[in-house]
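Analysis of the macromolecular model
Residues per chain are reported as follows:
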Amino acid sequence: MSCGEPHETDCGEILDHLYEFLDREMPDSDCVKFEHHFEECSPCLEKYGLEQAVKKLVKRCCGQDDVPGDLRSKVMGRIDLIRSGQAVPDQDVTASPATPQES
């Protein structure tokens, strides 16, 4: 995605590393670069706001649940496909039903 305007940091780079920015998993100097980009690029700012809202919703709704390892692998695989521009399969990304734990 690109807004068509020239920026010091390309929109593609911003979007490729958006979750690192959201999770504060990058150096402060890179965070400043992202913040500057968002100030001048409305489409990227909108995408940032959307992803931030999704993260908050997931945390609120699922923050206390244990995530099955295979589900995490499937989701990360789908994210990698999307980032690489490959076609994403139509099948749902779901985990197998959890078996009840004995007390």
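Scroll up for the structure.
Residues numbered from 1 in each chain as written. Predicted model: local features only at pLDDT ≥ 70, side-chain atom pairs only at ≥ 80, totals over all residues. Heavy atoms only, no water.

**Focus on the pattern of salt bridges**
Tallying each qualifying case throughout the model produces five salt bridges. The partner of Asp 30 in a salt bridge is Lys 33, with the nearest N and O atoms 3.8 Å apart. Here Asp 30 and its partner Lys 33 are both found in helix α3 (residues 28-40), three residues apart, which amounts to about one turn of the helix. Take Asp 30: its relative accessible area is 25%, and that puts it in the partly exposed class. (Salt bridge = Lys/Arg side-chain N within 4 Å of Asp/Glu carboxyl O. Helix = DSSP H or I, 4+ residues; strand = E, 2+ residues; numbered from the N terminus. Buried < 20%, exposed > 50% of the residue type's maximum accessible area, 1.4 Å probe, protein only.)

**So, the nonpolar core**
Residues Leu 18, Phe 21, Met 26, Phe 34, Phe 38, Cys 44 and Tyr 48 are the most contacted members of the largest nonpolar core, which totals 13 residues. Every element with two or more residues in this core is listed here: α1 (11-16), α2 (18-22), α3 and α4 (42-62). Those residues in contact with Phe 34 that sit more than four places away from it in its chain are Glu 13, Ile 14, His 17, Leu 18, Phe 21 and Met 26. (Core = buried A, V, L, I, M, F, W, Y, C linked by side-chain atoms within 4.5 Å. Contact = heavy atoms within 4.5 Å.)

**Considerations on a nonpolar patch on the surface**
Side chains of Tyr 19, Leu 50, Val 54 and Val 58 sit close together on the surface and give an oily, nonpolar patch of about 320 Å² of accessible area. Broken down by element, the nonpolar patch gets its largest block of residues, three residues, from α4. (Patch = residues over 30% accessible without salt bridge, like charges linked within 9 Å, V, L, I, M, F, W, Y side chains within 5 Å. Areas by Shrake-Rupley, 256 points an atom, 1.4 Å probe, with all protein chains shown as cover.)

**What about the layout of surface pockets?**
Here the largest pocket is characterised by a volume of approximately 820 Å³. Lining the largest pocket are 26 residues, and of these Tyr 19, Asp 23, Lys 55, Val 58 and Ile 79 sit closest to its centre. Taken together, the elements giving at least two residues each to the lining of the largest pocket come down to α2, α4 and α5 (69-84). By residue number, the principal contributor to the lining of the largest pocket is α4, which donates eight residues. A per-class count over the lining of the largest pocket returns 12 nonpolar, two polar and 12 charged. Roughly 340 Å³ of volume is contained in the second largest pocket. Taken together, 12 residues line the second largest pocket, and the ones lying closest to its centre are Tyr 19, Glu 51, Ile 79, Ile 82 and Arg 83. Of all the elements in the fold, those that place two or more residues in the lining of the second largest pocket are α1, α2, α4 and α5. With five residues, the top contributor of residues to the lining of the second largest pocket is α5. (1 Å grid on protein atoms, 1.4 Å probe; cavity = no way out; pocket = protein on both sides within 12 Å on 5 of 7 lines; lining within 4 Å. Points joined across faces, edges and corners; volume = space filled by probe spheres on them. Nonpolar A, V, L, I, M, F, W, Y, C, P; charged D, E, K, R; others polar.)

**Side note on the state of the cysteines**
Under the counting rule described, the total for this entry stands at zero disulfides. The cysteine Cys 44 is free of any disulfide, with Cys 41 supplying the nearest cysteine sulfur at 3.6 Å. (Disulfide = S-S within 2.5 Å.)

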